[in-house]
Amino acid sequence: MDLSHTPEEEDFRARLREWLARALPGLPPKPSPDDWPGRRAYDLGWQRRLHDAGYADVHWDASPTTRLIFLEETEKAGAPYVGANFVGLLHAGPTIAAEGTDEQRARWLPPILRGEEVWCQGFSEPEAGSDLAALRTRAWRDGDHYVVTGSKIWTSHAEVADWCELLVRTDPSAPKHRGITWLAMPMDAPGITVRPLRTLAGSAEFAEVFLDEVRVPLWNRVGDENDGWRVTMVTLSFERGTAFAGEVVACRRVLAELAVEARKNGRWDDSALRRRLGRLNAEFRALWRLTQWNVSAAEASGGVPGAGGSVFKLRYSHARQELYDAAAEVLGPDCLDLDRSWTLDRLSSLSYTIAAGTSQIQHGIVAERILGLPKGR
C-alpha cells in the first residue's frame, strides 16, 4: 500500500501551514478548564475560523488522507483541539454524513461546521458497562415522536451540548443487538436532567443524563428503527479509527519535550530511561504509520474506517499510559504537582483503556473480525 502523498495533498499541507501561521497569533486567551461556557465559546470560535478559511469540512468532504494531514499539521502548530466540538465533528457528524438523509445532513451538518452547535454522546449506561448493546434506555412511539426514558453516564460535554447522539432500545423483545435505534435528541427538550461528573483529573467534561419521557421527533432517527446497532458501528469506527490521530502527533511532541526535560534535570544519564524513551519513540512512529494505513484502507472502501481501528485503539491506549508513566519518571517528585500539564495528562491517560471501547472489547473485535477466531460463549 502506497503511503506517500500526492502533489495535491502536499499543496494542501503547505497552504494549511501558511494559514495557521497567520491565524494562531490572533487567538484570544484560552479559558480555564472549569469554565465550560467559556470553553464552549472558545472552541466554537476556533471552529468558525476554520469554517471561514475553508477548512471546516475537512472531517467529512475531504479524503481521509487530507483529513489526516489536517490533524497532523494543526497539532504540530499547537492549534486548539476540537474540544467541545469533539462529538459533533468526529463522531455524530461523520455518522450523519454517512447514514443520514439529505434533509438530515442539511439540518445538522452546517451548524457543526460553522461552529454553532455542540453535540454530546449518549451511549454508555450505568448497568451496561462495556457491553454497550445491553443498554436499557427505552423509547416507544407516540404519534410522530419517540418517548424516551432511562439514563446515560459518561456523556461527553452534555452540560454545554445542543444535541445528543442517543442510543435507545425500541424493541425489548428483539435480540439485544437488533432492538436498538440511533436518535438525535435536542438537549433543551423537557424531561432532561444533566448532572456533571468530576474526573480524577478534576475536570468535568462528562455528565450523567437522566431522561424522563423525553419526546424526540421520529424525523430525528438516523437509519431505520431497530437498525441502530449497525449505525453505531459506523460511529465507533470513526471514534476508534481516526478520532485519535491528532493525539498521536501530540504524544510524539510530548515525548520530545520529555527528552529535553530529562537532559535538563540530569535523568538523561539513566540508560534505562533513555531506552524507555527510545522504545516509546518507535512505538508512536509505528502508531502513526498504522494510522496512515487505516486511513488509506478507509479511503479505498468508501471513507468509513474498518476493524483496523480497533488494533490502533488497543495499542494506542496502552502506549499513552506508558508515555505518561515515563513522564512521571522524568519529573520525579514533581510528578505530583497538579500545575504540571503532564501530571494532569497522566491522570487522564488512565481512562484510555476504558474510553471509546475497553481494551477487553477491542481484543474481542480483533480476535473475531480480523483473526477470524470463534466468538466466546
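Before any of the text, the structure's been laid out above.
So, here's what we can say about the structure.

Cut-offs applied
- Residues numbered from 1 in each chain as written.
- Predicted model: local features only at pLDDT ≥ 70, side-chain atom pairs only at ≥ 80, totals over all residues.
- Heavy atoms only, no water.
- Salt bridge = Lys/Arg side-chain N within 4 Å of Asp/Glu carboxyl O.
- Helix = DSSP H or I, 4+ residues; strand = E, 2+ residues; numbered from the N terminus.
- Buried < 20%, exposed > 50% of the residue type's maximum accessible area, 1.4 Å probe, protein only.
- Expected span 1.5 Å × (residues − 1).

As for the pattern of salt bridges
Inspection of every chain in the model, using the stated rule, returns 23 salt bridges. Note that Arg-13 and Glu-73 form a salt bridge whose closest N and O atoms lie 2.5 Å from each other. With Arg-13 in helix α1 (residues 7-23) and Glu-73 in helix α3 (residues 64-76), this pair connects stretches of sequence that are 60 residues apart. According to the relative accessible area criterion, Glu-73 is buried, its value standing at 4%. Asp-142 is the salt-bridge partner of Arg-215, the closest N and O atoms lying 2.9 Å from each other. Pair noted here: Arg-215 is in strand β7 (residues 206-217) and Asp-142 is in strand β2 (residues 138-142), with a separation of 73 residues, a long-range link. Take Arg-215: its relative accessible area is 37%, and that puts it in the partly exposed class. What emerges from the salt-bridge pattern is a single network uniting Glu-10, Arg-13, Arg-17, Glu-72, Glu-73 and Lys-76.

Brief notes about unusual backbone geometry
With a phi angle near 55 degrees, Trp-154 is a residue other than glycine that sits in the positive phi range. Along the chain, the position of Trp-154 falls in the loop between β3 (145-152) and β4 (163-169).

Quick notes on helix α5 (residues 102-113)
Here α5 is twelve residues long and its end C-alpha atoms lie 16 Å apart, about the 16 Å a rise of 1.5 Å per residue gives. All buried positions along α5 are accounted for by Gln-104, Trp-108, Leu-109, Pro-111, Ile-112 and Leu-113. Looking one or two places after α5, you find Gly-115, whose phi comes out positive at around 75 degrees.

The values reported here are purely geometric and, on their own, carry no functional implication.
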